[in-house]
Amino acid sequence: MKFGVITFPGSNCDQDMIYVLGTIMGHETVNLWHKDTDLQGVDCVVLPGGFSYGDYLRSGAIAKMSPIMGSVVEFANNGGYVLGVCNGFQILTESGLLPGALRHNDSHKFICKNVFIKPVSKSAGISADLDHTRGYKIPIAHGEGNYYCSQETLAELKANDQILFQYSTAEGEVGPAVNPNGAIENIAGVSNAAKNVFGMMPHPERAADAELKNEDGLELFKSMIAHMVVA
Amino acid sequence: MNSTAVATLDQAQEMGLRPEEFDKIKEILGRTPNYLELSVYGVMWSEHCSYKNSIVWLKKLPKKGPHMLVEAGEENAGLVDIGDGLACCFKIESHNHPSAVEPYQGAATGVGGINRDIFTMGARPIAQLNSLRFGKPTEDRTKWLVKGVSKGIGDYGNAFGIPIVGGEVYFDECYHQNPLVNAFSAGIVEVGKEISATSSGVGNPVFIVGSATGKDGIHGASFASKDLDEDSSEDIPSVQVGDPFQEKLLLEATMELATTDAVIGMQDMGAAGITCSSCEMSASGEHGMDIWLDKVPLRQNMEPWEILLSESQERMLIVVEKGKEQKVLDIFDKWDLECEEIGVVTQGGTVNYYWDGELVGSLPAESAVLGGGAPVYHREWSEPAYYQEYKKFHISTVEEPADLKAVATKMVALPNIASKRFIYEQYDSMVGTRNMGTNDPSDAGVVNIKGTDKALAMSVDCNSRFVNADPEVGCAMAVSEAARNITCSGGIPSAVTNCLNFGNPYNPEVYWQFVGSIKGMSAACEKFETPVTGGNVSFYNQTQIGDKIEPVFPTPTIGMIGVVEDKKFITTLSYKTKGDLIFMIGANREDISSSQYLVNIHGITNSSTPHFDLEEEYANQRQVQMLIREGVLNSAHDLSEGGLWVGLLEKGFASGLGFDITLPAEFRKDAVLFGEAASRILVTVSEENKDKFIDLMMLNGCDFDLMGHVTKGGIRVDDEDWGSVSDYQEIYDNALGAILSA
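As the structure is a computational prediction, the values presented were derived from the model and not from experiment. (Residues numbered from 1 in each chain as written. Chains lettered and ligands numbered in written order. Predicted model: local features only at pLDDT ≥ 70, side-chain atom pairs only at ≥ 80, totals over all residues. Heavy atoms only, no water.)

**Student:** Now, about the interface of chain A and chain B: what can you tell me, with residues and values included?
**Tutor:** Taken together, the contacts link 29 residues of chain A with 33 residues of chain B. For the pair chain A and chain B, the summed buried area comes to about 2600 Å², and 56% of that belongs to carbon and sulfur atoms. The largest contributions to the chain A side of the interface with chain B come from Phe110(A), Cys112(A) and Leu212(A), which together make up 21% of the buried area. Between the two partners, chain A and chain B, sit four salt bridges. A salt bridge links Glu211(A) to Lys567(B), with the nearest nitrogen and oxygen atoms 2.9 Å apart. At the boundary of chain A with chain B, the tally comes to 15 residue pairs in polar contact (both at pLDDT 80 or more). Contributions of two or more residues to the side of chain A that touches chain B are made by helix 1 (14-24), strand 6 (111-119) and strand 7 (136-142) of chain A. Examining the composition of the side of chain A that touches chain B, we find that four residues originate from one element, strand 6 of chain A, more than from any other. Within the side of chain A that touches chain B, the residues separate by chemical class into 13 nonpolar, six polar and 10 charged. (Contact = heavy atoms within 4.5 Å. Buried area = accessible area lost by both parts, 1.4 Å probe. Salt bridge = Lys/Arg side-chain N within 4 Å of Asp/Glu carboxyl O. Polar contact = N/O pair within 3.5 Å; in protein donor to acceptor, adjacent residues only side chain to side chain. Helix = DSSP H or I, 4+ residues; strand = E, 2+ residues; numbered from the N terminus. Nonpolar A, V, L, I, M, F, W, Y, C, P; charged D, E, K, R; others polar.)

**Student:** With reference to specific residues and values, describe helix 3 (residues 35-44) of chain B.
**Tutor:** Most of helix 3 of chain B is tucked away: 10 of the 10 residues are buried. Those residues of helix 3 of chain B not exposed but buried are Tyr35(B), Leu36(B), Glu37(B), Leu38(B), Ser39(B), Val40(B), Tyr41(B), Gly42(B), Val43(B) and Met44(B). (Buried < 20%, exposed > 50% of the residue type's maximum accessible area, 1.4 Å probe, protein only.)

**Student:** Describe the pattern of salt bridges, naming the residues involved and giving the relevant values.
**Tutor:** Residues and elements named next belong to chain A. Going through the model one piece at a time under the given rule, you end up with 43 salt bridges over all chains. Across the pair Glu219 and Lys222 runs a salt bridge whose closest N-O atoms are separated by 3.9 Å. Here Glu219 pairs with Lys222, and both are found in helix 6 (residues 216-226), just three residues apart, close to one helical turn. Using a relative accessible area of 32% as the deciding quantity, one classes Glu219 as partly exposed.

**Student:** So, the side chain of Thr109(B): which residues are in play, and what are the values?
**Tutor:** Residue and element names in this part refer to chain B. Considering the arrangement of structural elements, one finds Thr109 in helix 7 (residues 103-119). Given the relative accessible area of 1%, Thr109 is considered buried. If sequence neighbours within four positions are ignored, Thr109 has contacts with His95, Gln240, Val241, Gly242 and Gln313.

Encoded structure:
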């Protein structure tokens, strides 16, 4: 499986993602540059976290116009796998590859802490193989992670099994007390209808190293990879 | 102001120079300086840049250590050999005055400045700490400052992408007007790949890179070198404006630059901008420099002297080897950053500034810099009356409260004891996936050095109430506490950076605090073999309102790093298993001096430092280091604010487990529970390691005491039910946020 992690100006989780996919999991992983248009034949493109273009204007709003995003949209529309984490998720919603938008946290503060997320979708690769009855400990670190979409979109997400994760307790209970940012129905991540584009605010790459004593995130990557169908 | 107009004594004094300093400038130049030249001396000879009132004493600090690659003052930051061909570059700096008038930008640019110091040396920053001090948290001004400072640190550091892995926040009314914002950063560089702040090679081009230059921060160094007063808000234009996005690009470009052979020297532009970098690099390399100010990329129309003095952020000056300019231009083009040739290295030691081909200023570089022509003063000091007065305090004058459990509950909610998560959850503590404390914290921040067996431990500490009570003892205690945090985490203390926050040095009693602190720091750093690699001095942390002068507590913040030679030695603070035995290494004492208990519960502020003995401290730490390497400890946690009681609870908060303890019968219970005598460490040991632990303890004769054992969650003190850990956790987690958001 070959991964390509894009570096936008201001990306700051790109090397962390490469470390997990390449060094820890042992997959061929290349670093893609935002000014290029060649995806180097990767099977999965990853848009990492960070503050692309300083998050100026609006998170992800400028990055979607980077030269490489034209190639990413084409790749996704042809069924290629795309994962966006945090700022990467924001770029994917701005690009129209994923439904909804990420608003400012309802506390109006940046929040960094461990949270639990419960896998919801049984048909999306990244959550399919996980235990759907409990929470996975995955950290968040964002100021604009408050997922929002219209009621019609929400109904579609549910009908198509596109909700990947919801903020929950360790035991997998979903409720307002464990909603860190005000996201609609505690949504932490969604996929597109075709289930080849995934976006999530929590950082699985920050929970994928035995040396940091939390490998819950590794389970997400393993599930995603197990369900990837490549030519 | 016309840059080339002949300067006057009035102008010199407005810039903070003294009449005798103005005379000295005339003597150096052999003529009266023009306004631009005077401006250069004004900032270079400011306290902030010249250390003129502190350097005599700073030179007495221990500089040499077994692991030092670069000693204090030689470069932008100290450099310590950590093995595996790697070096750690680390430093702490203050941004107090800017934060007092514009907390958001003041704190943000403090973070930017300290990180630039690290990556200018070719080291990639991997972790940050900070030490913050504010007035009473119930005051509106404090709420405004905390909100601005924490958001400034967060917004800048989060976007820049370096985790904050630890720190401290103190509240005391002495910081009401003048908060302290001290930022620490540590980076890693391959030995031999570091970049120097120097200049050489006649004809080599000089480039300015990064952001365009604007009018922000002019006279920032001078603003930092005077007391705050009721008009200080007028100095807001002296506060710089930060852009973390530019800083991130500058970091990545610099890291690429460090892999080329094109760079002779590089210096960041912090205080005094182009002035400081051109003078210091030239003086360091014993060359001169011609700078063409009209070539500097600008954001707005500016006078030549304004360009020189601007403290616009995210800029660097680079001396490039002639013929290799294209390599540099290509890298900065890739990262969409400005990169403009603005000068050339010359023979001799003169720095010439030009505007449209006309010479607008000329001076010997060496005459402007610290260690060269900058003034050096020996200040007088005198012992303040309070010092002896405080020593008279005796515990017998304080009545022991009848209901200790009620006091214990109050203690957990005190602003200096309660969790600071309301503040630190705004900081990205995990980016870089190196923070080893996220899921199992230690006393110090512990940072993974990926691909090696090693980790780095780091801590910032200063109990300034202790330093105020007795500067010499209190500062030795600050060094010891930092070392204790590193020791408890499994590290061996390696080196120190300091941030010396004091009042006005022309006040003999303030200077007495400064001298005492240096003496105490020297003694402790000698003992721990932790040389002081650098840092900064921030005087004038006092506010004059009307006739009343309020200096802050003397606050020599200690930033320390330690090497964990093998990750298997990393020791965390939480209880691990029900039934484990809880031992205290170090002695229980009947001592409540300067404790949070005495100050907040009894309202008594005039007491001296609690018990401290440097030899005992060192022996206890050596003992813990040995116990960790022998593998007999399940946890270790140092006792500090709130004493034994808070230490026991903190070990529970991190695990959900509780404790059952018996207090020694020969002392007052309040003193044992809440006293803050130094050099004490709480450890837990499993039943099967108990004998080995005791055998090892008997080898060296350190005091130790069996306090009790770990429970499932309940708390028992002397067989009395004190509730459960979760009861106190609720208070501990939410007390500070409730006060600050009220």
